Amino acid sequence: MIHCDNLVKIYKLADLEVVALQGLDLHIESGELLAIIGNSGSGKSTLLNMLGGLDRPSAGNLIVDGKDMLKFTERDLVKYKRESVGFVWQNNARNLIPYLTAMENVELPILLQGRRKRERALELLEAVGLSHRTRNRLSELSGGEQQRVAIAIALANRPKLLLADEPTGSVDSAMAEQILDLFRELNRSMGLTVIIVTHDPEVARKVDRVVAIRDGKTSSEFIRRKSYADELAELEQGITSDEEETHIEYAVLDKAGRLQIPSGYLESIGLKNKNKIQVSLEDGKIILVAPEE
């Protein structure tokens, strides 16, 4: 579904250049439910904006659903945003029009496509569990309910790709759990490719793959040891497992064989503020050792 190869994004502010992405590689399968995590400034939101057609890469390759986004004209971008991708923001003010009801908010993007809006809007509100709130204005809905309306709006154009930027950032932990369960259900029932950008590592427990971005590059991936469905089945049988063992972490190598080593690891072997390291191969393992003084 998505192929990012050596993706670069540079922002120019007056005489200053800020490199948000510096050679990022990422491949996402169709129908995958994936989380992207990283600290502020790591480049995760920049990546999401480019996948959503809201920003253009400076260099590299970006293919989404077989389309080369670096070759898109402005007309192509408008068509892509209207027909292929749905977006859910953390800030509900970017998702919703406050003086409209839940139904009217969902009907609006359907109306722009000239489709039968009422029937489709009801179907979407039912899919997100809000069929009983269709006539309520936003001031009458909780934060979690407003976010569910936002998800229904994002699905109005029948997208293949659903992007969510910190979708649980403005709700409590119980509602965050429900919203993540909703994403998984939509992923399963509609075959949607869902990408959730977050700084919350707890989101990892709800998805099968987590990509960690550090300094504008893919630094590591967390792959689920067993499927989420299997874990739920075990919980129903009273079998519990260590939360820390749900995923296994893998460092990501780029095409030149380079990887990012967490700074804490380097500091633990005395490599703070140093740029050289000894590399050796011993018994099938690659060993990294601080250089001799």
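Preceding block: the structure.
Residue positions are counted from 1 within each chain, in the order its sequence is given. Since the coordinates come from a predicted model, pLDDT governs what is reported: local features require at least 70, and pairs of side-chain atoms require 80 or more to be given and counted, while whole-chain, interface and lining totals use all residues. For side-chain calculations, the full set of non-hydrogen atoms in the structure is used, while hydrogens and water are omitted.

Turning to the nonpolar core, a few remarks are in order. Core analysis: the largest hydrophobic core is formed by 42 residues, its most contacted members being Val106, Val149, Ile151, Leu162, Phe183 and Ile196. Each helix is a run of H or I in the DSSP string that is no shorter than four residues. Each strand is a run of E no shorter than two, and both are numbered from the N terminus. At the level of elements, strand 3 (33-37), helix 4 (102-112), helix 5 (117-127), helix 6 (143-154), strand 7 (161-165), helix 7 (173-190), strand 8 (193-198) and strand 9 (209-214) are the ones that each hand at least two residues to this core. For this core, the leading source of residues is helix 7, giving seven residues. Among residues more than four places away in sequence, those in contact with Leu162 are Gly86, Phe87, Val88, Ala154, Leu155, Phe183, Leu192, Thr193, Val194 and Ile195. Judged by nonpolar contacts, the second largest core, of 29 residues, contains Met1, Val64, Leu163 and Ile213. Side-chain atoms within 4.5 Å link the members of a nonpolar core, which is a set of buried Ala, Val, Leu, Ile, Met, Phe, Trp, Tyr and Cys residues. Each residue is assigned to one of three classes by its accessible area relative to the maximum for its type, calculated with a 1.4 Å probe on protein chains only: buried under 20%, partly exposed between the two thresholds, exposed over 50%. When checking whether two residues touch, look at their non-hydrogen atoms; a contact exists if any pair is within 4.5 Å.

We now examine the sheet that holds strand 10 (residues 217-224). Paired strands, in this sense, are two strands between which DSSP finds at least two bridges. Strand order in the open sheet formed by seven strands is 6-7-8-3-9-10-11, with mixed pairing between adjacent strands. Every interior strand has two partners, whereas the edge strands, strand 6 (85-88) and strand 11 (247-251), have only one. Here the strands of the sheet are splayed against their neighbours by 20 degrees on average, with no regard to which way each runs. Of the strand pairs in this sheet, strand 10 and strand 11 are connected by five bridges, and their pairing is antiparallel. Bridged to Ser220 within strand 11 is Ala251. Lines fitted to C-alpha atoms define the axes, with helix axes restricted to the stretch in contact, and inter-axis angles between N-to-C directions lie between 0 and 180 degrees.

Right, let's talk about the pattern of salt bridges for a bit. We define a salt bridge as a side-chain nitrogen of Lys or Arg found within 4 Å of a carboxyl oxygen belonging to Asp or Glu. One pass over the full model with this rule turns up 14 salt bridges. Here Glu83 and Lys79 are joined by a salt bridge, their closest N and O atoms 3.0 Å apart. Of this pair, Glu83 and Lys79 are both found in helix 2 (residues 74-83), four residues apart, which corresponds to roughly one turn of the helix. Because the salt bridges share partners, they merge into one network encompassing Glu32, Arg209 and Glu221.

This part is about helix 5. Those residues of helix 5 not exposed but buried are Arg120, Ala121, Leu124 and Leu125. Along the axis of helix 5, the buried residues cluster in a sector spanning 130 degrees; they form a single face. An arc is given here, and it is the one of the directions from the helix axis to the C-beta atoms.

A word on the packing of aromatic side chains. Ring pairs are drawn from Phe, Tyr and Trp, using the six-membered ring of Trp, whenever the two centres fall within 6.5 Å, and their geometry is named by plane angle: stacked under 30 degrees, edge-to-face over 60, tilted for the rest. Within this structure, the stated rule accounts for two aromatic pairs. Note on Phe87 and Trp89: the rings are 4.3 Å apart at their centroids and 10 degrees apart in plane angle, and the pair reads as stacked. Neither Phe87 nor Trp89 differs from the other in exposure class; each is buried. The rule is short: NZ of Lys or CZ of Arg within 6 Å of the ring centre and within 35 degrees of the ring normal puts a charge over the ring. Looking at Lys9, its charged tip hangs above the ring of Tyr11, at a distance of 5.1 Å from the centre.

Our focus in this paragraph is unusual backbone geometry. One non-glycine residue with positive phi stands out, namely Asn6, at about 50 degrees. Positionally, Asn6 belongs in strand 1 (residues 2-13). For Asn6, a relative accessible area of 49% corresponds to the partly exposed category. Residue Asp215 is not a glycine yet carries a positive backbone phi of 55 degrees. Within the secondary structure, Asp215 is located in the loop between strand 9 and strand 10.

Where helix 4 meets helix 6, the closest approach of the two axes is 8 Å, and the angle between their N-to-C directions is 20 degrees. What the angle tells us is that helix 4 and helix 6 run roughly parallel. Judged by the sense of rotation from one axis to the other, the crossing of helix 4 with helix 6 is right-handed. Listed contacts from helix 6 to Ala102, Asn105, Val106 and Pro109 of helix 4 are Val149, Ala152 and Ile153. The classification used treats Ala, Val, Leu, Ile, Met, Phe, Trp, Tyr, Cys and Pro as nonpolar, Asp, Glu, Lys and Arg as charged, and all other residues, Gly among them, as polar. In the contact of helix 4 with helix 6, the residues fall into six nonpolar, one polar and no charged. Should an angle fall under 35 degrees it is taken as roughly parallel, and over 145 as roughly antiparallel, whereas 65 to 115 is taken as roughly perpendicular and any remaining angle as oblique. Each crossing is labelled by how the near helix is turned from the far one, with a counterclockwise turn of less than a right angle marking it left-handed and a clockwise turn marking it right-handed.

Take the pairing of strand 2 (residues 16-28) next. The two faces of a sheet get side chains in turn, since along a regular strand they alternate between them. Judged from the ten bridges that link them, strand 1 and strand 2 form a sheet pairing that is antiparallel. Within strand 2, the residue paired with Tyr11 across the bridge is Val18. Counted along the chain from strand 1 to the antiparallel partner strand 2, the turn is two residues long, and its residue Ala14 has a positive phi close to 55 degrees.

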